[in-house]
Amino acid sequence: MDALRIWARPSDTPRLLLTSIDATLQRIPPAGVIADGQIELVVGHPFDREAFLNFVRRSGYVEEGVADDPGELAVRDGMIDIYPAGAPGPMRIVLSEDDHVTELRGFDRVSQRTESYLERLSFGPASEAILADVIAVAPAPKSETMERQLSRLYPDMVTVFDILGNAALTAAPGAADRVARNLEIIDDARQSRTDFGKTGTASPCSFYLDSEEWEQRFTGVQTSALDLEQGGDLPSGASDADPRKALVKFAQERLGDGMKVLISGHGKASEALCRRVAKATGVSPRSVDSWTQVMDAESGALLKLACALDHGFLDVAQNVAVIAAGDEHRHVSSATSFLGEPDLRIGDVVVHEDHGIGILKDLESIAVAGVARDAARLEYREGASVLVPMEEFGKLWRYGSEPEAVSLDRLHTDAWQKKHEKIVADIKSTARHFSTIAKHRQASPAETFIPPRAEFSAFTRRFPFAETPDQAEAIKATLSDLASGHAMNRLVCGDVGFGKTEIALRAAAAVALAGGQVVVIAPTTVLTRQHFATFKRRFEGTGISVGMLSRLVKPSEAKQVKAALAEGEIDVIVATHAILAKDVRFAHLGLLIVDEEHRFGLKDKRAMSALAPTLHTLAMSATPIPRTLQSAMVGVQEVSLLTTPPARRRPVRTSLAAFDNASMRTGLMREYRRGGQSFVVVPRIEDIEAVEAILRKIVPELLVKVAHGKMPAATIDEAIVGFADGDGDVLLATNIIENGLDVPRANTMFIWNAERFGLAQLHQLRGRVGRGGAQGMTTLLTEEGVELPEETRLRLLTLVENDRLGAGLAISLRDLDLRGGGDIAGEDQAGHMKVIGIGLYQKLLARAVAKLGKRLSANRKRAILHLDVAGTIPADYVPDPAVRLNLYARLLRASSQRDVNDLEEEFEDRFGELPQETLLLLRTTRLQLAAGHLGIAKLEAGPKAIAMTIAKMPARVISALTKKIAAIRREDRLIFETVAQTCDEQLKFFERLILAARRP
């Protein structure tokens, strides 16, 4: 829709529209609707607020507290954030007091911080269904499909060809076959609706072109293929410590090869990159105005073009390398940012350190001694509530569950305090456990593995793809661990298909080439078999021997494998639990690699750690279990996150629906007709027979294969591996297929009674489809006519909402929310975190671990400040109460002056110029941190004196203060007799005190 809107605008420059057969077969809203469906904003021009709000509400935009997904907007007085549906990222519209556009900023959807500036912004609707009037037109019924809604709104829908006009059309080879296949799918879907009793629904033919109309429109269209063989993306420079140096080196090498190098971009970033390349190469950059000039330039030229590109590319045929200024800012994901405390929202279940578990109802403004302050209203059992002042927001933690599933605490009883005290004692025990583990690892040096450079480089070159930045960083960290002399304990958390196996291969190569043995353990025989094939192929010709051990290996062969391991004749062994047998011995075991870590229990993990006295361990998981995730959160286990999707990988579209014969047939037949395969997954073996009967009825023309846990192991292996090799159209199976199975042609999955699966299982299952080039689709099926409990529905919607690439960790964090993390030193998966919540548990455990390590916890370094006034974040500055509360909480958890400075920049960036109340809040926070760092516990101001309570301060500092500012000491307090009438005078006096204490 947005692409057609841009196409419909008059333009003097050539234009190219890329589309698909699917899109061109669908009818679209009339040309007038498309042309009028836009808003244009220009810096310095007036802003028509009424027209803007009318458009976004008619065209499908949804108001939220934060605009971080396409189709969302957040409206404030002087600023509006909007994520245009067709834009690469969200935009911030900054307005003047007289409603003129003063700035248009592009900002990051996660950090909400500004990344770029524009002079002009044009955006279209968030939906194809644009209402004529936001009040007059009734909203569509929830059950109404988009096809029916569009047909109702636009009786005279047009085709893409009507919008394109007389533009030259070119189709890819095979387009006619794909059209015929899609038309068959449409006809089949209509027939299925009739056959299975869905006659009341609108006919799909009214929404799609028929074969006759398609032939009329498509007659005379050329067919040709684009030559993409000699082009591609720039190689990743993430293995270098500085990606800027990597880009400069790349440019230097290409210029040395005689290629033209073009640097594209606007402003300081591209200018700086030009200067660095020119300095390194000695070649002066030359400005060009068009791509034609680039083509006409001589070989070895360094060129710059004022053109905004997201990424650079390589075109060997045209002898040019293009570097976008943004390429140097590609960053590696921070584990800290992903594993941090989640934001609070109004309506969340929270835990207050003093009052227990309640519901965050609202943020209210109250007057304390005539001073306006913000306070959070918490609701407890039987409707009792309490107001928590802003100064205590640091004691509020997200509990991590839905209100309906939680038992709230009672106010004014000692029940919460007793629970809290017991858990704190148990947490100290857990902390001692981790401290013992850490001390043992430090005191027991592990063998150092440093592979020979030449052999390891040769192995690395066998990787046929460019490393993603996250992959390169994880490999670097893993090799550093192996060479450190201390036992590695690293978790690699990356979504399905994000490259965890390559990290395991590099680690295995490093140890094996350095003379050690490696165990790769997987939870299933199928996954073991596939890993064995991968490792054997990659190590072929390196002199490294690879073996396999599982229940499918014949006893005589297993005996030979065990003997070879004991003699050191096998360097890498890929195995199931069979490797944990008591009769398995190793000659020189150095590394354990655990794939799908979340599939193994604590008993198995203990058996793994007993394989060798000091064993390097590398665990891999797309969705780590809460216990593992929590140990990573508190810093007990090192973690590497893979969040960068591989090239050309698309997210699996996920939907939640009640079972319907017609829809299921349509999905399975669509996949069959495009040459693909499908999975139908059931939660129990008992479901197989009934679902198989349904499949025989609705898709009799498809070959259905079956696999489940009660079949002989060899039969399961044959069925699954045979299906992966193309034998069968549909595989009906239990969740035995969830781990690591690679079926490139499988792109569709139906999960029967999805509510019976865990979130991690569901995510792993859907990761089995869409692993080739086609779009993967997963439907979570529920029983027809049965309404799910709200908690169950929300849990399944987590999968639907997190259907982007790299969602595995988000799902694990949500799973941690819903289930709790358990006693991470023991067997209980839903223990103490279920009682006090994840955030508070994490804080208490981190504090206990830090205390045992003789480190002062950061949140203790803050002095209490008593003044006649208090800084606030006014509601007219940050209207959304949830955003305001989270900013308070972040400020109260800030542990350094740098944290406060960063927050001040964020305030100005996101919300505009800071009001005096917020400047005062930041100023008092800086004072508290500086005082706490010096060992001051409390600062108090009265009408005739100012007092300082000392927690721990060197005697020379106290002596200097008493002499310089004439203080009187009374036990642990210093009294300064001074008359400070105003708040500003009191603050200035405190700031002079701190300065004097710093320079005794």
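The coordinates are above.
How each quantity is defined
Residues numbered from 1 in each chain as written. Predicted model: local features only at pLDDT ≥ 70, side-chain atom pairs only at ≥ 80, totals over all residues. Heavy atoms only, no water. Salt bridge = Lys/Arg side-chain N within 4 Å of Asp/Glu carboxyl O. Helix = DSSP H or I, 4+ residues; strand = E, 2+ residues; numbered from the N terminus. Buried < 20%, exposed > 50% of the residue type's maximum accessible area, 1.4 Å probe, protein only. Pairing = 2+ DSSP bridges. Axes fitted to C-alpha atoms, helices over the stretch in contact; angles between N-to-C directions. Parallel < 35°, antiparallel > 145°, perpendicular 65-115°, else oblique. Left-handed = near helix turned anticlockwise from the far one by under 90°. Contact = heavy atoms within 4.5 Å. Nonpolar A, V, L, I, M, F, W, Y, C, P; charged D, E, K, R; others polar.

Enquirer: Looking at this model, I keep getting lost on the pattern of salt bridges. Mind explaining?
Expert: Side chains that carry opposite charge are capable of pairing whenever their charged atoms lie near each other. A complete count under the given rule lists 36 salt bridges for this structure. Between D81 and R92 there is a salt bridge, with its nearest N and O atoms 2.8 Å apart. With D81 in strand β4 (residues 79–82) and R92 in strand β5 (residues 91–95), the pair connects residues that are eleven residues apart, well separated along the chain. For the residue pair D81 and R92, the accessibility class agrees, reading buried in each case. One salt bridge in this structure joins R254 and E253, with 3.9 Å as the shortest N-O distance. Overall, R254 belongs to the buried group, its relative accessible area being 16%. What you see here is one network of salt bridges that share partners, running through D81, R92, E103, R105, R113, E905 and D909.

Enquirer: What should I look at first to understand the pairing of strand β12 (residues 260–264) in this one?
Expert: Burial analysis of β12 places five of its five residues in the buried class, which makes it a mostly covered element. Residues K260, L262 and S264 point to one face of β12 and V261 and I263 to the other, with burial holding for every one of them. Strand direction decides the pairing type here: β12 and strand β16 (residues 320–324), joined by five bridges, are parallel. By the bridge assignment for β16, L262 is matched with V322.

Enquirer: So what exactly am I meant to see when it comes to the sheet that holds strand β6 (residues 101–107) here?
Expert: The pairing of strands in a sheet comes from backbone hydrogen bonds and takes either a parallel or an antiparallel form. The mixed open sheet is built from six strands, whose spatial order is β2-β3-β4-β5-β6-β7. In this open sheet, the two edge strands, each paired with only one partner strand, are β2 (62–63) and β7 (114–118). As paired elements, β2 and strand β3 (residues 72–75) share two bridges and run parallel to each other. Note on β3: the bridge partner recorded for V62 is E72.

Enquirer: I keep staring at unusual backbone geometry and nothing clicks. Help me out?
Expert: Peptide bonds are, in most cases, trans, and in most cases residues other than glycine have a negative phi. For D99, which is not glycine, the phi dihedral falls at a positive 60 degrees. Relative to the assigned elements, D99 resides in the loop between β5 and β6. Residue classification places D99 among the partly exposed positions, given a relative accessible area of 24%. In this model, H412 sits at a positive phi of 60 degrees, which is unusual for a non-glycine residue. Relative to the elements of secondary structure, H412 occurs in the loop between β21 (396–398) and α13 (415–443). With a relative accessible area of 81%, H412 lands in the exposed category.

Enquirer: Can you walk me through the packing of helix α17 (residues 525–539) against helix α23 (residues 713–724) in this structure?
Expert: In helix packing, the relevant descriptors are the interaxial angle and the interaxial distance, both defined with respect to the helix axes. Put simply, α17 and α23 touch, their axes get as near as 10 Å, and they point 55 degrees apart. By the criterion of interaxial angle, the relationship of α17 to α23 is oblique. The chirality of how α17 crosses α23 is right-handed. Contacts between α17 and α23 involve T525, V526 and R529 from the former and D717, I720 and V721 from the latter. Grouping the constituent residues of the contact of α17 with α23 by class yields three nonpolar, one polar and two charged.

By themselves, these are just geometric observations and shouldn't be taken as functional.
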